[in-house]
Each structure stands twice: as structure tokens, then as C-alpha cells.
Amino acid sequence: MATAFRASEHQHIRYNPLQDEWVLVSAHRMKRPWQGQVEPPLLTTVPRHDPHNPLCPGAARANGEVNPHYDGTFLFDNDFPALQPDAPSPGPSDHPLFQAEAARGVCKVMCFHPWSDVTLPLMSVPEIRAVVDAWASVTEELGAQYPWVQIFENKGAMMGCSNPHPHCQVWASSFLPDVAQREERSQRAYQSQHGEPLLMEYGRQELLRKERLVLTSEHWLVLVPFWAVWPFQTLLLPRRHVRRLPELTPAERDGAPMGSEAGANWDHWQLHAHYYPPLLRSATVRKFMVGYEMLAQAQRDLTPEQAAERLRALPEVHYRLGQKDRETAAIA
Ligand code: H2U
């Protein structure tokens, strides 16, 4: 008799219908001993204000400009922008194997808070709301001119974040970046075939199946997607159809994180945020995307269902509030 399939025991591949790619799931690999790299413990002693940190209020930035003494969010043009509005065009290509196109755009940096020793989850709801409002207005402003506005936070030195001060980046581009293009294609095709947005049906299914939900609220769902690549990857979805950040109601903004967009008829789009924590087993063992991932396809060790169960079991209290710097993080 054939062995009955169990996702936590048996290797299989899963399809990501949003980004049109597959992931190899091999859960039993978590049983292997770990002799690889162990990261240093997290830095918890960031000074609240450092006059030499270019993201702090009143500090001088790399281009010599001095930041205002801001007391909420602070948005400025990146001094080392990856995209510029007036980049010249490389001109027509003379061969299909050598294609290049103009890349124009704007790069901004947004500080979330005047203090360096907080992160979004340690901020109060009104403070987080100010960030969400600032995301919505920068999306509206840059989205009027560019087809794609990507808001992202590189978090932690482990993932290449250059500065502990709480901040994100906003890159608006004259082209649809690769991932956005794949999500655009998938969502447009799904809508024309099924008459509703892909992520609306996906969210509804996850609510019914209940295996991968991490948090649900009146307005939002957080889940480990069926096709997650990073061990503790999560997807945040609004419960109703919301195409873009500026469409969020005040109540939704009081509990909402980031997203991204484009122009014309985008009824197939559903606002969403991806969270890709790099951790594999603990805060000090990271998942590297190396040999097989670079040469063949993404691979994960524990199943998305196991990851969701572990995330659901986490305490409600932020880990830093459980430590001695409780007073540092408690912001009224
Ligand atoms: P990370 O989010 O990856 O840490 O990057 C911070 C950005 O802040 C980075 O893109 C910009 C860098 O160019 N920055 C300035 O624009 N001015 C500065 O003085 C420091 C950092």
C-alpha cells in the first residue's frame, strides 16, 4: 500500500500563484544538526539619540544637509539614490539578447520616529498611524507620476540595514519591477478567469482552512502563505478589497502596515505586505538562500503550517518589553 502523504514528513513542491514560482518543502530537514554560522545576539543598546547618526533629528546627513528637529515621521530624498528622475535613456537595442531600457525614478527615506531605540512594534498606535498616513500620502504623491511605488524596510544588520534608527525606504520607478510584474500578470489573469481578485479568494480560503493563520482582526489577516519561502514569512491582507494604501479607511489605518501599487484599471490588485524574516531556527540562526536556491529554486525546511503554529504560540508582549529595557521601549 502506498504511504499516505504528510506535509510535515514528505518532500513536495508548492506553487506560488501570486509570483508564479514553486518552492521545494522538505520539512524533515529541520532535524539535522546545526554546525553552521551563528549570528551575534541582537544589539539592544541603541542610544535614543546620537548626534552623529544621519537619520536622527538635528543631525547632519551625508550630503551636508541638517535634519529638522522632527517629532513624528520625517521624509527626505535619499542622498545616494538608486533612481533619478532625469536618467538618460540607453537608446534602442540592436539585438534581442542585449536589451536595456531607461530607469527613472525617485528614492526617499522615511524616519518613523525621532528616537533611535524603537521599532514599529514598540511604537504607540497613534505613532504607527502617522507612519501609515505618511506611506499613503507618499504613495499618492509619487504614484501620480510613476507606475510603481515600492515601500520597504530593510530591518536589522543581518539583512543589510545600515542604520538602527527606525526607518523605511520609498522607491518610485518609471518601470514595473520584476516581482511586481509577475504579481501583476498573475492577478490580472486570475481576475479575468474567475471574476474576482486572486488575493480575495486566497484570504477567504485561508480563513476557512485555518492552518496558516497567525492573526486576524476586524480589518486584517496575517498568515504564513501556503507557498512561503522564508521560514517565518508572512503575508498581510486587508479583509476587504483595497487596491492601494490611500484607499484604507481611518479604522484600517490604525492597524495597517505597508503595501505598493500602480495606475489605470487595477481592480484585480489587492493591497498586501510581504514580511521576509531571514531566521531559520532562532534569532541567531539565519536561513541562507544559497546553492539550490540560486541554481534551481527556493527551498524551505519547516512547513508553512508548522511555522504558523510557532508564530501563533508566541507571546503577545514584544520580546524587548520582557527585558530590562522595558522603560526604554514603553512610549506613551
Ligand atoms: P537601509 O534602509 O538599507 O539602512 O538604508 C538607509 C538609506 O538611507 C540608504 O539608502 C540613506 C542611504 O542611502 N542615507 C541617506 O540618504 N543619507 C544619509 O546621510 C545616510 C543614509
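What about the nonpolar core?
By size, the foremost hydrophobic cluster in this structure holds 39 residues, and its most contacted members are Met110, Phe112, Trp135, Leu142, Val224 and Leu245. Mapped onto this core, the elements with two or more residues apiece are strand S4 (105–111), helix H1 (125–143), strand S5 (148–152), strand S6 (167–173), strand S8 (220–223) and helix H6 (304–312). For this core, the element with the most residues is H1, which contributes seven residues. The next biggest cluster of nonpolar side chains, apart from the first, holds 10 residues, and it includes Leu18, Leu198, Leu213 and Leu237.

Details of the sheet that holds strand S2 (residues 21–25)
In space, the three strands of this open sheet follow the order S1-S2-S14, with mixed pairing throughout. Each edge of the sheet is formed by a strand with only one pairing partner; in this case those strands are strand S1 (12–16) and strand S14 (298–300). Across the sheet, the axes of successive neighbouring strands diverge by a mean angle of 30°, strand direction being ignored. As judged from the three bridges shared by S2 and S14, these two strands associate in the parallel manner.

Notes on the confidence of the model for the protein
Residues at a pLDDT of 70 or more form 92% of the protein, whose mean pLDDT is 90. This model gives residues 324–332 a pLDDT under 50, and the stretch forms 20 contacts once residues within four places in sequence are excluded.

Examining the site of the ligand
Contacts to the ligand come from 15 residues, most closely from Ala62, Asn78, Asp79, Ser162 and His167. The contact in question runs from an oxygen atom of the ligand to an N or O atom on the side chain of Gln169, over 3.0 Å. Protein coverage of the free-state accessible area of the ligand, which is 470 Å², stands at 86%. Classifying every residue of the shell around the ligand gives six nonpolar, seven polar and two charged.

As for the pattern of salt bridges
Where charged atoms from two side chains of opposite charge approach closely, those side chains can pair. The tally for this structure, following the rule as stated, stands at 19 salt bridges. Taking the shortest distance from any N to any O, the salt bridge between Arg61 and Glu65 comes out at 3.4 Å. Glu65 sits in the partly exposed class, given a relative accessible area of 45%. Here Arg253 ties to Asp133 by a salt bridge, and the two come within 2.9 Å at their closest N and O atoms. One end of the pair, Arg253, is in helix H4 (residues 250–253); the other, Asp133, is in helix H1, with 120 residues separating them in the sequence. Residue Arg253 is classed as buried on the basis of its relative accessible area of 14%.

Focus: the packing of aromatic side chains
For the structure shown, the criterion picks out seven aromatic pairs. Ring geometry for Trp148 and Trp269: centres 5.7 Å apart, planes at 50°, overall tilted. Highlighted residues: Trp148 in strand S5 and Trp269 in the loop between strand S10 (260–261) and strand S11 (273–275), separated in sequence by 121 residues. Comparing Trp148 with Trp269, the two get one shared label, buried. Joined through ring pairs, the aromatic side chains of Tyr70, Phe74 and Phe76 make up one cluster. Over the ring of Trp115 we find Arg48; its NZ or CZ atom is 3.7 Å from the centre of that ring. Across from the ring centre of Phe288, 4.6 Å away, lies the NZ or CZ of Arg286, which sits over that ring.

A word on unusual backbone geometry
A positive phi is found at Asp20, a non-glycine position, where the angle reads about 50°. You can see Asp20 is positioned in the loop between S1 and S2. Since its relative accessible area comes to 46%, Asp20 is described here as partly exposed. Even without being glycine, Lys210 reaches a positive phi, approximately 60°. Summarising the element assignment, Lys210 is placed in the loop between helix H3 (198–209) and strand S7 (213–216). With a relative accessible area of 57%, Lys210 lands in the exposed category.

Re the packing of helix H2 (residues 178–194) against H3
Packing of H2 against H3 brings their axes to within 8 Å, and their N-to-C directions diverge by 80°. Taken together, the axis directions place H2 and H3 in an arrangement best described as roughly perpendicular. For the pair H2 and H3, contact is made by Ser186, Gln187 and Tyr190 and by Leu198, Leu199 and Glu201, respectively. For the contact of H2 with H3, the residue count by class is three nonpolar, two polar and one charged.

About the criteria used
- Residues numbered from 1 in each chain as written.
- Predicted model: local features only at pLDDT ≥ 70, side-chain atom pairs only at ≥ 80, totals over all residues.
- Heavy atoms only, no water.
- Core = buried A, V, L, I, M, F, W, Y, C linked by side-chain atoms within 4.5 Å.
- Buried < 20%, exposed > 50% of the residue type's maximum accessible area, 1.4 Å probe, protein only.
- Helix = DSSP H or I, 4+ residues; strand = E, 2+ residues; numbered from the N terminus.
- Pairing = 2+ DSSP bridges.
- Axes fitted to C-alpha atoms, helices over the stretch in contact; angles between N-to-C directions.
- pLDDT = per-residue confidence, 0-100.
- Contact = heavy atoms within 4.5 Å.
- Near = heavy atom within 4 Å.
- Polar contact = N/O pair within 3.5 Å; in protein donor to acceptor, adjacent residues only side chain to side chain.
- Areas by Shrake-Rupley, 256 points an atom, 1.4 Å probe, with all protein chains shown as cover.
- Nonpolar A, V, L, I, M, F, W, Y, C, P; charged D, E, K, R; others polar.
- Salt bridge = Lys/Arg side-chain N within 4 Å of Asp/Glu carboxyl O.
- Phe/Tyr/Trp six-rings, centres within 6.5 Å; stacked < 30°, edge-to-face > 60°.
- Lys NZ or Arg CZ within 6 Å of the ring centre and 35° of its normal.
- Parallel < 35°, antiparallel > 145°, perpendicular 65-115°, else oblique.

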